[in-house]
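The primary structure of each chain is shown beneath.
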Amino acid sequence: MALPDLAAIESDARRDLAAAADAPALDDWRTRYLGRKGILTALLRGLSDLPQADRPAIGQGANQLKRALEAALTERQQERRRAETEAQAPAATSIDVTLPARPHPQGQLHPVTLTRRAMERVFREMGFDVVEGPEVEWDTYNFDRLRVPRDHPARDMWDTIWIDPESPEDPAAPLAQPAPRRLLRTHTSPMQIRYLEAHQPPIRVVVPGTCYRYEATDAAHEWMLTQIEGLVIDENISFPHLKGTLESFVHRFLGPGLETRFRCDYFPFVEPGAELSIRWGDRWLEMLGAGMVHPEIIEAAGLDPERYTGFAFGMGVERFAMLRYGIEDIRNFYQNDLRFLQQFRGVS
Ligand code: PHE
């Protein structure tokens, strides 16, 4: 019987291994050469058929070849896995570590935030405290206690985003008090009531905050807006204090040359009520509502309205930002267009 040609087996095996391109082909190769019925197993099993003298050399050679082929298979499998990973993540291999670093763009404050903070600074200089209040508010604070009763047409002045649904009317108890409902505050005025609950005059406070209205938008109106509420209560406060304070604020904040205009306006929680507009090119931009705090509100706070009087105002921060930066359309503020927002980098 001819002796097995180990060298020929090895060169066949290595050639076939190099040609096996994927996992199934490698598996086939392993079965063919190293499997239970494979060529090398058969060879080792057949040793006993060989002449006695040849057995040790052939046996040793066959075992060596088996180990060598197992090692070659392992290496080929690893090589294939590496190639697969690289094919799946081409980007990872294309990073050029020699490129110079580029700074990641830094965040920055929103123009409305910049404006709100600058307005707060001016009010602090003028002797006001700054406090904040809840954006989710009870209708009692947002409306009723500001003299805007349920079912009164004045409620239609503020299109409202409700959080709690309206409770169904109970025909058996038509006079029952309806349950309080929560809403997204439509203005910062509820903080007049909250502040009066907790503080005694003299009061001089501003309340910045976000408000929400269920409203169609245009160049001067957004459904989300920022207000700064103001409340001043003391003895001997009269309408000229209101005018003087607001004019002084406008001129400190936007410059002394601006033309302002007061006109009568109506808000249920003030008497008399006014609005202040600023000339902007050939039109007037309404900047705030204001008025003398209604005596019933002062009385409801436990104060004597004969002794204490005061004024309140609610400013639109976006409107002030428009004038401050020369922005034509209020809708720019909340569209999150980076081309708009990045113009305020480095601006204070
Ligand atoms: N809260 C009113 C509004 O949002 C503005 C206002 C505040 C008017 C204080 C008078 C006094 O329209």
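Residues numbered from 1 in each chain as written. Predicted model: local features only at pLDDT ≥ 70, side-chain atom pairs only at ≥ 80, totals over all residues. Heavy atoms only, no water.

Draft legend 1. Looking closely at the overall build of the protein. Looking only at helices and strands, one finds twelve helices and ten strands in the protein. The C-alpha atoms of the protein give 41 Å as radius of gyration, which overshoots the globular expectation for 348 residues (20 Å, by more than 25%). For the protein, the C-alpha atoms occupy an extent of roughly 130 × 65 × 35 Å along the three principal directions. Relative to its 348 residues, the protein shows a buried fraction of 40%. Pairs at least 24 residues apart make up 64% of the contacts formed inside the protein by residues separated by at least 6 positions. Total accessible area on the protein is roughly 20100 Å²; 50% of this is exposed by carbon and sulfur atoms. With 41 positive and 52 negative side-chain charges, the protein shows a spacing of 9 Å between the two charge centroids. (Helix = DSSP H or I, 4+ residues; strand = E, 2+ residues; numbered from the N terminus. Rg over C-alpha atoms; globule rule 2.2 N^0.38 Å. Buried < 20%, exposed > 50% of the residue type's maximum accessible area, 1.4 Å probe, protein only. Contact = heavy atoms within 4.5 Å. Areas by Shrake-Rupley, 256 points an atom, 1.4 Å probe, with all protein chains shown as cover. Lys, Arg positive; Asp, Glu negative; His and termini not counted. Charge placed at Lys NZ, Arg CZ, Asp CG, Glu CD.)

Draft legend 2. Fine view of the environment of Asp337. Mapping Asp337 onto the fold places it in the loop between helix H11 (317–325) and helix H12 (338–341). Between the alpha carbons of Asp337 and Val131 there is a distance of 30 Å; along the sequence they are 206 residues apart. Polar contacts involving the side chain of Asp337 include one to the side chain of Arg339, which spans 2.8 Å. (Polar contact = N/O pair within 3.5 Å; in protein donor to acceptor, adjacent residues only side chain to side chain.)

Draft legend 3. View of the sheet that holds strand S10 (residues 308–316). Across the sheet, seven strands lie side by side as S1-S5-S6-S10-S9-S8-S7; this open sheet has mixed pairing. Each edge of the open sheet carries a strand with a single partner, namely strand S1 (129–130) and strand S7 (260–265). Sheet analysis places strand S6 (residues 224–235) next to S10, joined by nine bridges and oriented antiparallel. Residue pairing in the sheet places Leu231 in a bridge with Ala312 of S10. (Pairing = 2+ DSSP bridges.)

Draft legend 4. Structural detail: the nonpolar core. Core analysis: the largest hydrophobic core is formed by 39 residues, its most contacted members being Met119, Phe123, Phe249, Phe313, Met315, Phe320 and Phe333. Elements with a contribution of two residues or more to this core: helix H6 (111–125), S6, helix H9 (239–254), strand S8 (270–280), strand S9 (283–293), S10, H11 and H12. Sort the elements by how many residues they give to this core and H6 lands first, with six residues. Not counting residues within four places of it along the chain, the set of residues in contact with Phe320 comprises Thr115, Met119, Phe249, Val250, Phe253, Leu254, Met287 and Met315. Phe143, Leu196, Leu303 and Tyr308 belong to the second largest nonpolar core, which has 23 residues in total. (Core = buried A, V, L, I, M, F, W, Y, C linked by side-chain atoms within 4.5 Å.)

Draft legend 5. Just the domain arrangement of the protein, in detail. When the domains of the protein are assigned, the result is domain 1 (6–90) and domain 2 (111–165 + 178–338). Put simply, the middle of domain 1 and the middle of domain 2, counted by C-alpha atoms, are 85 Å apart. (Domains from an automatic or database assignment.)

Draft legend 6. Representation of the pairing of S6 in the model. With respect to burial, S6 is a largely interior element, nine of its twelve residues being buried. Of the strand pairs in this sheet, strand S5 (residues 203–212) and S6 are connected by ten bridges, and their pairing is antiparallel. Looking across to S6, one finds that Ile203 is bridged to Ile233.

Draft legend 7. Fine view of the layout of surface pockets. Each pocket or cavity is described by its volume, and for the largest pocket that value is around 660 Å³. Along the walls of the largest pocket sit 34 residues, with Arg213, Leu225, Gln227, Glu286 and Gly289 positioned nearest its centre. At the level of secondary structure, the elements contributing two or more residues to the lining of the largest pocket comprise S6, S9, S10 and H11. By residue number, the principal contributor to the lining of the largest pocket is S9, which donates seven residues. Of the residues belonging to the lining of the largest pocket, the class tally is 17 nonpolar, nine polar and eight charged. (1 Å grid on protein atoms, 1.4 Å probe; cavity = no way out; pocket = protein on both sides within 12 Å on 5 of 7 lines; lining within 4 Å. Points joined across faces, edges and corners; volume = space filled by probe spheres on them. Nonpolar A, V, L, I, M, F, W, Y, C, P; charged D, E, K, R; others polar.)

Draft legend 8. Broad picture of the site of the ligand. Of all residues adjacent to the ligand, which total 15 residues, the nearest are His187, Ser189, Arg213, Gln227 and Gly314. Side-chain polar atom of His187 to a nitrogen atom of the ligand: 2.9 Å apart, as the coordinates give it. At 2.8 Å from an oxygen atom of the ligand is found a side-chain nitrogen or oxygen belonging to Arg213. In isolation the ligand offers 330 Å² of accessible surface; the protein chains occlude 94% of this area. The cavity where the ligand resides is the largest pocket. (Near = heavy atom within 4 Å. Sits in = over half its atoms within 2 Å of the grid points.)

Draft legend 9. The side chain of Asp16, seen in detail. Mapped onto the fold, Asp16 is located in helix H1 (residues 6–19). Of the polar contacts made by the side chain of Asp16, one reaches the side chain of Arg32; its length is 2.9 Å.

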